[in-house]
Structure formats: structure tokens, C-alpha cells
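Each chain is listed here by its residues.
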Amino acid sequence: MATATFKIWRGDADGGELKEYTTELTEGMVVLDAVHQIQAEQAHDMAVRWNCKAGKCGSCSAEVNGQPKLMCMTRMGDLPTDRPITVEPLKAFPLMKDLVTDVSWNYEVKKRIRPFKPRRPDFEDGSWEMHQSDVDRVQEFRKCIECYLCQDVCHVLREHHMHDEFVGPRFFVHNAALEMHPLDTEDRREDLRTSQGIGLCNITKCCTKVCPEGITITDNAIIPLKERIVDQAYDPVRKLIQLVTGR
Amino acid sequence: MDFSRHEHDVLIIGSGGAGLRAAIEASAAGASVGLVCKSLLGKAHTVMAEGGMAAALANVDERDGWAVHFADTMRGGQYLNNWKMAEIHAKESPDRVRELEEWGAVFDRTKDGRILQRNFGGHAHPRLAHVGDRTGLEMIRTLQDHGVHQGFDDYQECTVTRLLKDGDRVVGAFGYDRESGQFRVFHAGAVILATGGLGRAFKITSNSWECTGDGHSLGYHAGAELIDMEFIQFHPTGMVWPPSVRGILVTEGVRGEGGALTNSEGRRFMYDDIPPLYTNQTADTPEEGWRYVVGDRDARRPAELLTRDHVARCILREVKEGRGSPHGGVFLDIAWIKDRIPNGAEHIKKKLPAMYHQFKALADIDITEEPMEVGPTTHYVMGGLRVDADTQMCTVAGLYAAGECAAGLHGANRLGGNSLSDLIVFGQRAGEHAASYADEHGRGTLEDSQIEAAHREAMAPLERQDQTDGAGPYGVQFELQDMMQEKVGIIREEGTLSEAVEEIAALARRADLIGVIGDRKFNPGWHTTLDLRHLLSNSEACARAALERKESRGAHSRIDFPDKDKEWGGFTVVLKRGSGGGMEVRRDPLPPVREDLQKIIEEQS
């Protein structure tokens, strides 16, 4: 039976180390299977988050050989097994224990974003007329499983730790889903420009590359939002009209 | 004793569709609400639901209506359903679905701009509001994003181990915070259980680690009655290969979009055995079935869209008789529809994006080119806490249940799509009635002795560290899962069910002795040990109920009693904790169906 060796981060905020484990491989195995097998056989108290094991819940995010991945969708067959496979927690958030990080900051940020505010219903039963072509773009954003891999690779958060000034790609996608929702009447552009720091994103597209749902975060969400903000805040013709009309 | 104490009018345990919907409703009623999430908020098992939510919106076929939906639900449940719940569900689900749209959900659309509905097993008309094959994600995210602005408190990564009582009434709960290991005591006027299912009692399952039936067991140990526990739904189509993905769900939506089940001889075997209850509604030939899929109103449903219990048994039969696929399943082919519609491959990717991705990434299969291999997987429990149809109150005062941990709506077999609508219809009702109960009755008294007992129980495995044997919590859990799969699985009989009851007792004795290493901080070994008690208690309930029901009906199949028995059609199996602590089993007669509803059932047959 083939085996693979792992180096898995063990420890907490006070310190830790990569610990080596060797485990047996079976056909089609994913990294999460191997981590579970190690947990059941060699390390009962090893902390790891997971739920669906099918790429739908976004719980098992980690850095596998340095790459941000969902462990449940990373197949052993796609990794070299001639050297140890490293599995480490996300770097953009405070470590709790082993592979588990404190992602509560993301929940706080989301609560600050202005919620969906629909226009009045079109029909008496409280529903609306919306066509598929009107919702295709929003549906792309709503595929997000909140795994926070995009947050993890974003240098504004990962290297510069600007969590107080910048909400990160996940929440630009969330803003985009609301702003481009055909029924929404709220305006979030000023928030995006100021408290959410969208200007700090210099569109390196690292987030788009790691998105397990294939959402084109930079091109479809962030850049159009930046354009809307420019139209609102910096367009000289518009400024002039605003000055004259007071609106 | 170290613990933090939290006061609420309504405490909700479970934060999937039902728990979130209940939290929104109870908050709207002015109650102070605490929502306990076993995982992070928004990661509950609801997120995995794929196909859609059933509601007779009649957007695609105007012949649909609540009466048709009601009759379909009762037929699918083999008439063991709580007919009043089935009536409420059919009548209220359209409003609950439209409400999700009001809160920001973006469903797939019809050509005239309304919510699109798709075909599913056992539903007479296209009825499932959906978003591709990720409807559960849309539901939970909508409820989460709306919910966080309603003012309730959430307790994420928190597990409840005991309910706390004041005399005969539930007034709180004891649990631990997974991240820190700190204990929490909740004191509340009313408690709602919305903990989902118990699929982790079985080896092959579509359920996540959380689904250990905590609510079933918490309620049972607090004195509430469980019913219908013999009815476990084995979804006919789970992945079978490679081994590490065995059990992961393949949505019924594949068959709703025209997917064909075939055996190793290429035969559409579902057409070989159509049950009498469904002959009037089922196509005679695959050709007629396809015409139904593409909207021919005179055609009848393809045989692949028969109810899940029946499809699962037919798949087992093909495998057993040597006509299975290479890895012990059968074939599910959606690629064939490319010959029938333009841009077929694109259409498949658009309607089933998660399935396309899942097979491509995990099994190297392109479903637009090749058939999938599928076989049954433990998916859903119809049984659960007995509740009042209107209020969702359990048989213990102050305790409510909604969603999968409550029983009644689905009877002997649930129709696909009726679960998501169940969550929002009865989650809303539970929230409303729990809030008014709390308002009326106040919070009751929480006695220290109960908190101490719960604390002792939770600490015990950590205090037995030095006794740790080789198997540990995971070993006992794996043995239980193997045994349940083999002896309380799809096909059952007296001898092995009796063995199962004895083996569960033996495993429970071992579980009581498990010691775990490490401390309380995010320690999965400790969590698994504490969850085991729920799994064992629920497994015993399933095995005892299955032993009691001496017939085959819906999801319950007995080799020794292979036929449906008319007399058994009038009873439900009830489980209750006896005064001596043992599990007591009894049969209760079902109340007769109200006259006007009986008339609907007859008209729709």
C-alpha cells in the first residue's frame, strides 16, 4: 500500500511546529481524508474544521504546500508524494489551534455592510418580475461559499494586516451581489470608497486565482464597483451638474 | 465549576434553514433570541441541499396548487404522514419561498420572469424553486444575511450536550464552546431544537460530521416522544467511486433534467417495476418520460422520478442480480440528452454546475460525456420528535422542534424538495409559537444540581485520559457505523435487527469508558466522544422501531415481511424514555384524515 508523509502544523497562538505523520493512501483520496485518517489513528486531538466534504460549505480551507485550498477538493493524486506535503492554517487570520483559525472578523465586517433593500413588489402576491439575463451576473457572486481563501491571499490583509481599513475580496463580491441585484435600492458606493477601502485593491487578481467556485472576483465584481465609485465621486461633468442642481 | 451564563426568551439549537428561520421569526415577535450553531454560521448541513424547495407556486404549470402538493406529499409518505402538517406545509410554502426572494434570494427564472420550478420525484408538476443545483446555499445565505440584522445573538461552534428542566418543563441547555472549550449555560423561556438529521450513524452517508441527531437525542432524554424512527431515507444516488467520496450526494435534479438510470446491459431498469400507487402517473416508455421532461403536458413522469425509497430498492436489486456498474452501483446518464436538445453540454453545465464540478474534480468524470456511477446513500431521517402540527411543540412543555429533527410531515418517505420547504414553513411556526410561550410563561427556575450533573458528564471523558484504549472515540464510532449500515440499512430482518439492538448496548457500555487525550480547547476527540452518546441513543431508536414495524412500507423494508400491511398503515411507532431509563416502544393509532382532505387524496389519485 502506498503511503504519504505530511507535515501538519500543530500548535496555537503561543507557538507550535510542523509535525510529521505518515499515512496510507487509497484511491481517489483527498487531503482532508488523509488529515482525518491521521486524526483518527495518530492524533485524536488535532483540530481541523470541516463540514460537507464536497466543496459546498467552505469550512476546510488551509494552505497545502503553501497554496490556499479547500482540503476536501484537493486530491492526493495531484500532489507530489516524493516529499512531505505540508498542511498549514490560513495566514490572514489569528491562529486558534492546529489548522483552525479565528475567522470571526469576517462576520463582523459583513454585518457592517448595508443589507438588501428591495423595491416595491411588482405583483400583488409580493413577488417581482426578473429575467434570467438580469440575474446571471448576481448569481455568479452568490455562488460564494465563504471559504475566505480570497481573503487569505489578498496582500492587503495577509501582508499589510489592514483589516481595519479594508474589507477584502469576499466582501467586495458581497457588495457587488447587492449593488447589481436588480431589485436593490440601497447605495453602498460611499461606504466602499471610504470605510471599506476598495481603493487599496490594486487588482493583482490573486483572489480570483484561488476561488474554488471560479468567481471572477476582480474582473466582474471589484473593477465594476471601482468604476461605479469613480462615476459617482470623481466624474468632473457629474460634479458640475451636482454643483449646479444641488443633486 | 466554570461556565458562562446566557439569558434568552427563546433559545434555538441549530442554525440551518429551520433554526435561522425560527430565529428571524422569534426576533420579529420581540423575543430575545440565542442561536446556537454547531459549526460556523452559514455552514450548517442545509448548505448541501441541491435540487430545490417544493412550493406550489404554479409558475410553470398552472394546474398545480396546494391540494395537489398535499396529495403528492401524502402519497409519497404512504399515508403515515401527519395530515395536518402536510396541509399546512402545502398551503404556506409558496409564501415562505416568496419571502426568501424579498430577503434577497435570486432563484433561476422562467421565460416570463417568475421563479422557475423544476421536476422532482413524486411531484405531479414542476414544483421546485431552485438555483442550479445549489439551492441550499442560496437558502442559508439569504437567511443568514437577513438574519444578522434582526438582533439575535449567535453562539458559533457551540455544542449542546443536555437540556435543562424545571420540573416537567424545559428551561435551558448546557453546552460547550468548541474553540475555547468553555462551558455555557443557557436559561430560556422556550427552547427550539433545529439540529437536523442523524446520517452519521451510518457508514455511507451524504451527511456531514455534525449530523449526529443531537436534537433527537436531547429531546428524547428530556422525556419527549420520538416517532417514525424506522424510516431512514436512503437517497438512491450517491457517488460510489472513488472510495473516499462514497456517499456524497448526486442531486435528484439530474433525473429531473432527464437523467437516465441504466444497468450494465444498458437497460432503463426503472421501467421494469412501477408500483401500483404510481401507475397512473408514470410514463410507459422512456420516450414518453422525455416528453414530460421537456414540458409535454399530456406526457407522464419518467420512471426515474418515482419516489426515493423505490428507486433505491430497484438499484439494489440490479446490483444484487449482477447487472450493476463496475464499482457496485448503477449508471446515471445525463449526457444522452445532448442528442435531444441543442447545446446539450452547455445546458447540463448550466443546470447542474455543482455536479459537473464535483465529478470532474473528484472522480475525473465529465458528466456531459460519460455516465456517472451511483448507489444509495443514507440521506435523511423521516422520524424525529413528535410535535403539534400547528405550534411545533414537542410532548414536553417549553420544547419545540422544527426541520429534520421533527417528525410527521413526511410519513414513511419524504419527497425530494419537501425538506427545504419544511424548514422555512415550520421554522417560522416554531419561532412564532416559542416566542409567545416564553412571553406567557417566563423563564422558570434553573437548578444548580442539573448544571452540575451536565458538567460532570461533559468532563468525564477528559478525566479518564489514562484509561484511553486503542479504539478510542473514532474506533467505537466506526464500529457503530459499520454495524448500522449492515444491520439497520436498506434491507432489514428480525434476526439482524435484534442483534443490532444488543450490539448498540455493548457499544454504549464501551463509549461510557472512553478516555480522551488533550485538553478542552478545540479537541475533536472529546467532541466525538460526547456526540457518540447521541448517535448511540438514536441508533437504538432506529433499530427498535424497525424491529417493531412488521411490514415493508416507504423507506422501511423487511425481508421477513416484504409486503405492505393494511393494519400497520393505521399505526405510528412511538419511542419514549421509560421511568427506569430504558427505551419504551409502543404503537399509537393514527387519527383519521379530515374528511375534506380525504376527498382531495381520492380526487388526486
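Cut-offs and rules
Residues numbered from 1 in each chain as written. Chains lettered and ligands numbered in written order. Predicted model: local features only at pLDDT ≥ 70, side-chain atom pairs only at ≥ 80, totals over all residues. Heavy atoms only, no water. Helix = DSSP H or I, 4+ residues; strand = E, 2+ residues; numbered from the N terminus. Buried < 20%, exposed > 50% of the residue type's maximum accessible area, 1.4 Å probe, protein only. Contact = heavy atoms within 4.5 Å. Areas by Shrake-Rupley, 256 points an atom, 1.4 Å probe, with all protein chains shown as cover. Lys, Arg positive; Asp, Glu negative; His and termini not counted. Charge placed at Lys NZ, Arg CZ, Asp CG, Glu CD. Salt bridge = Lys/Arg side-chain N within 4 Å of Asp/Glu carboxyl O. Polar contact = N/O pair within 3.5 Å; in protein donor to acceptor, adjacent residues only side chain to side chain. Nonpolar A, V, L, I, M, F, W, Y, C, P; charged D, E, K, R; others polar. Pairing = 2+ DSSP bridges. Axes fitted to C-alpha atoms, helices over the stretch in contact; angles between N-to-C directions. Domains from an automatic or database assignment. Buried area = accessible area lost by both parts, 1.4 Å probe. Arc of directions from axis to C-beta. Patch = residues over 30% accessible without salt bridge, like charges linked within 9 Å, V, L, I, M, F, W, Y side chains within 5 Å. Phe/Tyr/Trp six-rings, centres within 6.5 Å; stacked < 30°, edge-to-face > 60°.

Focus on the overall build of chain A
Within chain A one finds 10 helices and seven strands. Considering chain A as a whole, with its 247 residues, one finds that 55% of them fall into the buried category. Intrachain contacts of chain A at a sequence separation of at least 6 include 61% that bridge at least 24 residues. Of the roughly 10,900 Å² of accessible surface on chain A, a fraction of 50% belongs to carbon and sulfur atoms. Here chain A carries 33 positive and 39 negative side-chain charges, and the mean point of each set is 4 Å from the other.

Some details on the interface of chain B and chain A
Listed per partner, the contact involves 64 residues of chain B and 58 residues of chain A. Linking chain B to chain A there are 11 salt bridges. Note that Arg 141 of chain B and Glu 146 of chain A form a salt bridge whose closest N and O atoms lie 3.8 Å from each other. For the pair chain B and chain A, the interface holds 41 residue pairs in polar contact (both at pLDDT 80 or more). Every element with two or more residues in the side of chain B that touches chain A is listed here: helix H3 (83–102), helix H4 (135–147), helix H10 (353–363), helix H13 (472–487) and helix H15 (524–548) of chain B. In terms of residue class, the side of chain B that touches chain A is made up of 28 nonpolar, 15 polar and 21 charged.

Focus on the sheet that holds strand S13 (residues 330–333) of chain B
Remark on secondary structure: sheet strands pair via backbone hydrogen bonds, oriented parallel or antiparallel. Residues and elements named next belong to chain B. If you trace the four strands from one edge of the open sheet to the other, you get S11-S14-S13-S12, paired in antiparallel fashion. The sheet is open, and its two borders are formed by strand S11 (232–239) and strand S12 (260–262), each paired with just one other strand. Across the sheet, the mean angle from the axis of one strand to that of its neighbour is 45°, orientation sign disregarded. Sheet topology places S13 next to strand S14 (residues 372–381); three bridges connect them, and they run antiparallel. Considered in S14, the bridge of Val 330 is made with Val 374.

Some words on the pairing of strand S21 (residues 583–589) of chain B
Residues and elements named next belong to chain B. Pairing of strand S20 (residues 571–577) with S21 involves seven bridges; the strand directions are antiparallel. The residue bridging Val 574 from the neighbouring strand is Arg 586, located in S21. If you look at the hairpin formed by S20 and S21, you'll find five residues sitting between the two strands, and Gly 581 has a positive phi there, around 100°.

Looking at the domain arrangement of chain A
Residue and element names in this part refer to chain A. The domains assigned to chain A are domain 1 (3–101) and domain 2 (104–237). The C-alpha-based centres of domain 1 and domain 2 are spaced at 30 Å. At the interface, 14 residues of domain 1 touch 15 residues of domain 2. Taking both partners together, domain 1 and domain 2 bury about 1,100 Å²; carbon and sulfur atoms supply 62% of that area. A per-residue breakdown of the area domain 1 buries against domain 2 is headed by Pro 68, Ala 92 and Phe 93, which together make up 48% of the total. At the junction of domain 1 and domain 2, the tally comes to five residue pairs in polar contact (both at pLDDT 80 or more). Within the residue set of the side of domain 1 that touches domain 2, elements represented by two or more residues are strand S3 (61–64) and strand S4 (67–70).

Considering helix H16 (residues 595–603) of chain B
Residues lying three or four places apart along an α-helix face the same way, a consequence of the helix completing one turn every 3.6 residues. All names here are of chain B. Taken together, the buried positions of H16 are Leu 597, Ile 600 and Ile 601. With its buried residues spanning 100° around the axis, H16 presents them on a single face. Exposed and facing more than 90 degrees away from the buried side of H16 are Glu 595, Lys 599, Glu 602 and Glu 603.

Considerations on a nonpolar patch on the surface
Residues Leu 240, Leu 243 and Val 244 of chain A make up a contiguous nonpolar surface patch of about 370 Å² in total accessible area. The exposure class assigned to Leu 243 of chain A is exposed, which follows from its relative accessible area of 72%.

So, the packing of aromatic side chains
Residue and element names in this part refer to chain B. Following the criterion strictly, the structure yields 12 aromatic pairs over all chains and no others. Both rings, one in Trp 568 and one in Phe 571, keep their centres 6.3 Å apart while their planes meet at 70°; by these two values the pair is edge-to-face. Using a relative accessible area of 7% as the deciding quantity, one classes Trp 568 as buried. What makes Phe 571 partly exposed here is its relative accessible area of 22%.

So, the side chain of Thr 282 of chain B
Residues and elements named next belong to chain B. Among the secondary structure elements, Thr 282 is positioned in the loop between S12 and helix H7 (286–293). Among the polar contacts made by the side chain of Thr 282, one reaches the main-chain carbonyl oxygen of Tyr 278 at a distance of 2.7 Å. If near-sequence neighbours (up to four positions away) are discounted, Thr 282 is found in contact with Ile 274, Arg 300, Arg 301, Pro 302, Ala 303 and Leu 306.

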